[in-house]
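Coordinate analysis (summary)
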Amino acid sequence: MKYIDGFRNHLAAKAITKDIHELASKLSEKNIEARIMEVCGSHTMSIARYGIRQILPKNVRLISGPGCPVCVTDAAYIDAAIILAEERAVHIATFGDMLKVPGSSRTLADARGAGGNIHVCYSPLDAVKLAKENPLEQFVFLGIGFETTVPPVISIIKKAKAEKLTNISILTAFKLVPPALEALAQDKDVAVNAFLLPAHVSAIIGAEAYTDFVKRHNISSVIAGFEPLDILLGIKGLLQQLVQGKVELVNQYTRVVKNQGNRVALNLMDTYLKPSDASWRGIGTIPQSGLILRDEYADYDASKKYNVSTQGGTPDKRCRCGDVLRGIIFPDECPLFNKECTPLFPIGPCMVSSEGSCAAYYKYSR
Amino acid sequence: MCLAVPMKVMELKADGTGVCELENIRYDVDISLIENVQLEDFLIVHAGFAIEKLDVAEANQRLQLFKELAETYSDGQLD
Ligand code: SF4
């Protein structure tokens, strides 16, 4: 398909890489190191998969950010999902990545092994179908994700209403990217001078959602797609800004991202959800960085329906995902990396999802 | 998690869903988040939902740029 393969052409990649090296040597004359954070886990995975880090000049560093929704899911949230499955006899429906995320002591995969009803879904609508086919059973969908995934998940409510289903609800742990960017920009330990902004989160929220942020923090930012040429062009664009001492927001992913985002999706989110503080695993609470269901939709809110708390939890203290997600250490600087912690036996969530920084490092960069 | 791929709309069904194709495989896609979907549009699909339309003119322009870059590169030096 030309709209995928065309963005992977290796000769074009070489041409852009050559420009990147030229720009980088100009930066090194000025003694500047480009420290670019790719905020989104899908960028992290693509960068690792196509070996982009390896072809970059020494003074261009890519630092993975907190943009893998699975990795920032609190241990307490997993604990709550396990309680639902085991003590409340509820069926859990979830994206597959969630199964191996460690809770305080167990994973959903463990709960499934012990007889819990846990269903892996590709689409949230699969969960609606399950609920419809099994009217005597109760279903809870694990509502994790950033702005990209939120509209598909809350469409469950619209569908459930249309089908008059009362046996499905959502356990929300939705996260928002702009407040996380704000927290990163304010964090003194996070030393980055450029942001590669997410592709599909931006498709929903629109390029304009970052305008204020870029102005306020005076940090070069480019919205880029997930294909290798998109990423290389994004890096080139950021280096150009750093060389020229310019700061602007550039949308390189114009084939998908509009200035105002997806109005229909944003309206849907606004109808059902309201902002709230949210806890990011390893990072802590970031103000107004989550979305919870509005009170009118309490019937679809699993935490209210079953009175379970998604707060607290005791993750393995040795895991340094928090430092990895803020770009303070690289995954292989964690003492557990590739020793006790591997994708088969992950200690921390960053090793679970293929988009987790530790898992991407493990698979492609060792 | 936020990965989403362009798929071509092959069929628009009466129930408001669509059938899209990627590499000869067809998928049911919920198109309720997109306005004015037409046959042969390309949609960016994530978790069974179209989240945005691909702007084909913008995409083609980019592809043309890459084509030129690739040509200059291979003209200029051996791979
Ligand atoms: S290697 Fe494992 S334990 Fe270490 S930070 Fe990554 S996920 Fe956590």
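Attention in this report is confined to the structure presented alongside it. (Residues numbered from 1 in each chain as written. Chains lettered and ligands numbered in written order. Predicted model: local features only at pLDDT ≥ 70, side-chain atom pairs only at ≥ 80, totals over all residues. Heavy atoms only, no water.)

**With respect to the sheet that holds strand β10 (residues 273–280) of chain A**
Residue and element names in this part refer to chain A.
- Here 6 strands make up an open sheet; going across it, the order is β4-β3-β5-β6-β11-β10 and the pairing mixed. At either margin of the open sheet sits one strand with a lone partner, and together these are β4 (118–120) and β10. This sheet shows a mean twist of 25° between the axes of neighbouring strands, independent of strand direction.
- Across 7 bridges, β10 lies against strand β11 (residues 284–293) in antiparallel orientation. Counted as the bridge partner of Lys274 is Ile292 from β11.
- Along the sheet, helix α7 (residues 124–133) contacts β3 (91–94), β4, β5 (139–145) and β6 (168–175); its crossing angle with β5, the most-contacted strand, is approximately 170°. (Pairing = 2+ DSSP bridges. Helix = DSSP H or I, 4+ residues; strand = E, 2+ residues; numbered from the N terminus. Axes fitted to C-alpha atoms, helices over the stretch in contact; angles between N-to-C directions. Contact = heavy atoms within 4.5 Å.)

**Points about the state of the cysteines**
All names here are of chain A.
- Counting across every chain of the model gives 1 disulfide over all chains.
- Residue pairing for Cys321: its cysteine sulfur links by disulfide to Cys350, the two sulfurs lying 2.4 Å apart. Remark: Cys350 occurs in the loop between α15 (321–325) and α16 (357–365) and Cys321 occurs in helix α15; sequence separation between them is 29 residues. In this pair, the class of Cys321 matches that of Cys350, namely buried. (Disulfide = S-S within 2.5 Å. Buried < 20%, exposed > 50% of the residue type's maximum accessible area, 1.4 Å probe, protein only.)

**Structural notes on the nonpolar core**
- Among the nonpolar cores identified, the biggest contains 150 residues, and A:Leu171, A:Phe195 and A:Ile235 are the most heavily contacted of them.
- Those residues in contact with A:Leu171 that lie beyond four places of it in its chain are A:Tyr77, A:Ala80, A:Ala81, A:Leu84, A:Val140, A:Phe141, A:Leu142, A:Gly143, A:Ala302, A:Ser303, A:Val308 and A:Thr310.
- The next biggest cluster of nonpolar side chains, apart from the first, holds 12 residues, and it includes B:Met7, B:Val9, B:Cys20 and B:Leu43. (Core = buried A, V, L, I, M, F, W, Y, C linked by side-chain atoms within 4.5 Å.)

**Digging into the pairing of β3(A)**
Residues and elements named next belong to chain A.
- Here β3 shows no split at all, with His91 and Ala93 on one side and Ile92 and Thr94 on the other all buried.
- Strand direction decides the pairing type here: β3 and β5, joined by 3 bridges, are parallel. The residue of β5 that forms the bridge with Ile92 is Val140.
- Sheet topology places β3 next to β4; 3 bridges connect them, and they run parallel. Across the sheet, the residue bridging to Ala93 is His119, located in β4.

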